[in-house]
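Each chain is listed here by its residues.
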Amino acid sequence: MPNQQIARGVFLAAVALFFAVNALRYPIGTLAHAGPGLFPLLICAPLLIIALATIVQARLADPEPLQFSPRNIALIMASLIGFVIASECVNVTVGIIVLVFVAGFAANSYSWVRNLKIAIGLIVVAFIFQRFLGLNLRLL
């Protein structure tokens with residue numbers, strides 16, 4: 001029986017390693033003068049640590065059977081497509097709201113209050129990225 005937690009850890013590790021290897025193709029630079037490969041590499045390191053911790057934890061706990069839900073995969077894909085379309089046609093704020101509320105249907109229980117809190121949090125993060133990192137995001 002495949003263990004869901006081990007599969008999750010291996011998948012996260014594969015994603016982290018894929019992006020880390022590709023980040024190394026670009027100049028890393030220094031923290032003072034970051035190159036284009038530094039940010040992806042800095043994100044991949046904690047993701048790989050989380051993946052390894054997930055694998056170790058799964059080995060110590062009782063195995064959970066691997067569950068595969070095509071409905072949830074379709075909902076997540078639809079939320080990503082909705083984000084892109086809403087961001088292009090309206091703005092990123094609407095895109096974030098579409099992303100969160102459509103993806104929320106993939107959860108075990110739907111809570112519009114939880115989705116609203118998550119959407120507000122992501123909009124605040126997008127605002128911070130726009131304001132302090134100078135990213136060109138159409139938030140309004």
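Located above this text is the structure these notes cover.
As the structure is a prediction and not an experimental result, all values here were calculated from the model.

A. Expanded view of helix H3 (residues 70-89). Under the 1.5 Å per step criterion, the end-to-end length of H3 is 28 Å for 20 residues, consistent within 8% with the ideal 28 Å. Every buried residue belonging to H3 is among Leu75, Ser79, Gly82, Ala86 and Ser87, and all of these are buried. All buried residues of H3 fall inside an arc of 120 degrees around its axis, so they share one side. Opposite the buried face of H3, at more than 90 degrees from it, the exposed residues are Pro70 and Glu88. Contacts from the buried residues of H3 go to helix H4 (92-103).

B. The arrangement of the side chain of Ser87 in detail. Among the structural elements, Ser87 can be located in helix H3. Overall, Ser87 belongs to the buried group, its relative accessible area being 12%. Of the polar contacts made by the side chain of Ser87, one reaches the backbone oxygen of Phe83; its length is 2.7 Å. Those residues in contact with Ser87 that sit more than four places away from it in its chain are Val92, Gly95 and Arg138.

C. Molecular detail of the packing of helix H1 (residues 4-23) against helix H2 (residues 38-60). Between H1 and H2, the least distance of the axes is 8 Å, while the angle of their chain directions is 160 degrees. By the criterion of interaxial angle, the relationship of H1 to H2 is roughly antiparallel. Crossing geometry of H1 relative to H2 is assigned as left-handed. Contacts between H1 and H2 involve Gln5, Ile6, Gly9, Val10, Leu12, Ala13, Val15, Ala16, Leu17, Phe19, Ala20 and Ala23 from the former and Pro40, Leu41, Cys44, Leu47, Leu48, Ile50, Ala51, Thr54, Ile55, Ala58 and Arg59 from the latter. A per-class count over the contact of H1 with H2 returns 19 nonpolar, three polar and one charged.

What counts and how
Residues numbered from 1 in each chain as written. Predicted model: local features only at pLDDT ≥ 70, side-chain atom pairs only at ≥ 80, totals over all residues. Heavy atoms only, no water. Helix = DSSP H or I, 4+ residues; strand = E, 2+ residues; numbered from the N terminus. Expected span 1.5 Å × (residues − 1). Buried < 20%, exposed > 50% of the residue type's maximum accessible area, 1.4 Å probe, protein only. Arc of directions from axis to C-beta. Contact = heavy atoms within 4.5 Å. Polar contact = N/O pair within 3.5 Å; in protein donor to acceptor, adjacent residues only side chain to side chain. Axes fitted to C-alpha atoms, helices over the stretch in contact; angles between N-to-C directions. Parallel < 35°, antiparallel > 145°, perpendicular 65-115°, else oblique. Left-handed = near helix turned anticlockwise from the far one by under 90°. Nonpolar A, V, L, I, M, F, W, Y, C, P; charged D, E, K, R; others polar.

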